Each structure stands twice: as structure tokens, then as C-alpha cells.
Amino acid sequence: MCLTLGLAPFYPPHLWGKLQMLVRGELVRPIDWFDLVLHGTPWAALILKAAVSLKEK
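Here the structure is a predicted model, which means the values were calculated and not measured.

Trainee: What am I meant to see in the overall build of the chain here?
Mentor: Looking only at helices and strands, one finds two helices and zero strands in the chain. Of all 57 residues assigned to the chain, the portion counted as buried reaches 21%. In the chain, once contacts between residues fewer than 6 apart in sequence are set aside, the share between residues at least 24 apart is 43%. A total of about 4500 Å² of accessible surface is found on the chain, and carbon and sulfur atoms cover 76% of it.

See the structure below:
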């Protein structure tokens, strides 16, 4: 899911563009925030799952 939804479209990765907009302060439209959440959720879930799995060991 991270590779398909998180990076689509693949060149350039959509999530990367949204993160750059966030850093520059250009993320102002609601659709941009929705895109950031939509494309970032699989990555956040993956990182959270990895952290929980590592903590259990």
C-alpha cells in the first residue's frame, strides 16, 4: 500500500511534493491537506507498526 498509494504518481512521488509544499508553507488549499493525509497514511501506519513490533522484541 505504501508503494502504490503512498508514492502514486510515481514520478515525481506525490507525497514528496506535498511534503515540500508543507515545508515551504504553500499547503493552504483543503485539497492539498486531503492529499497529504491520503498519501501519508500508509507510511504513518507502516512506521507505527514497525515501531510497535520493535518495541515488543
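Trainee: Is there a simple way to explain a nonpolar patch on the surface in this structure?
Mentor: A cluster of nonpolar residues, Trp16, Leu19, Leu22 and Trp33, forms a patch on the protein surface that exposes about 410 Å² of accessible area. Of all the elements, helix 1 (residues 14-24) adds the most residues to the nonpolar patch, at three residues. Structurally, Trp33 can be placed in helix 2 (residues 30-56). The class of Trp33 is partly exposed, set by a relative accessible area of 40%.

Trainee: Would you mind showing me how to read helix 2 here?
Mentor: Think of an α-helix as 3.6 residues a turn; residues three or four steps apart then line up on the same face. Helix length check: helix 2, at 27 residues, gives a terminal C-alpha distance of 38 Å against a target of 39 Å (1.5 Å per residue), a fit within 8%. The sharpest bend along helix 2 measures roughly 40° and falls at Gly40, with the proline Pro42 sitting one to four residues further on. Every buried residue belonging to helix 2 is among Asp32, Asp35, Leu36, His39, Gly40 and Pro42, and all of these are buried. In this structure, the buried residues of helix 2 make contact with helix 1.

Trainee: Before we go on, may I ask you to explain the side chain of Asp35 in this structure?
Mentor: By the element assignment, Asp35 lies in helix 2. On the basis of relative accessible area, Asp35 is assigned to the buried category, the value being 16%. Residues contacting Asp35, with those up to four places away along its chain left out, are His14 and Lys18.

Conventions and cut-offs
- Residues numbered from 1 in each chain as written.
- Predicted model: local features only at pLDDT ≥ 70, side-chain atom pairs only at ≥ 80, totals over all residues.
- Heavy atoms only, no water.
- Helix = DSSP H or I, 4+ residues; strand = E, 2+ residues; numbered from the N terminus.
- Buried < 20%, exposed > 50% of the residue type's maximum accessible area, 1.4 Å probe, protein only.
- Contact = heavy atoms within 4.5 Å.
- Areas by Shrake-Rupley, 256 points an atom, 1.4 Å probe, with all protein chains shown as cover.
- Patch = residues over 30% accessible without salt bridge, like charges linked within 9 Å, V, L, I, M, F, W, Y side chains within 5 Å.
- Salt bridge = Lys/Arg side-chain N within 4 Å of Asp/Glu carboxyl O.
- Expected span 1.5 Å × (residues − 1).
- Bend = angle between axes of the 7 residues up to and from the residue.

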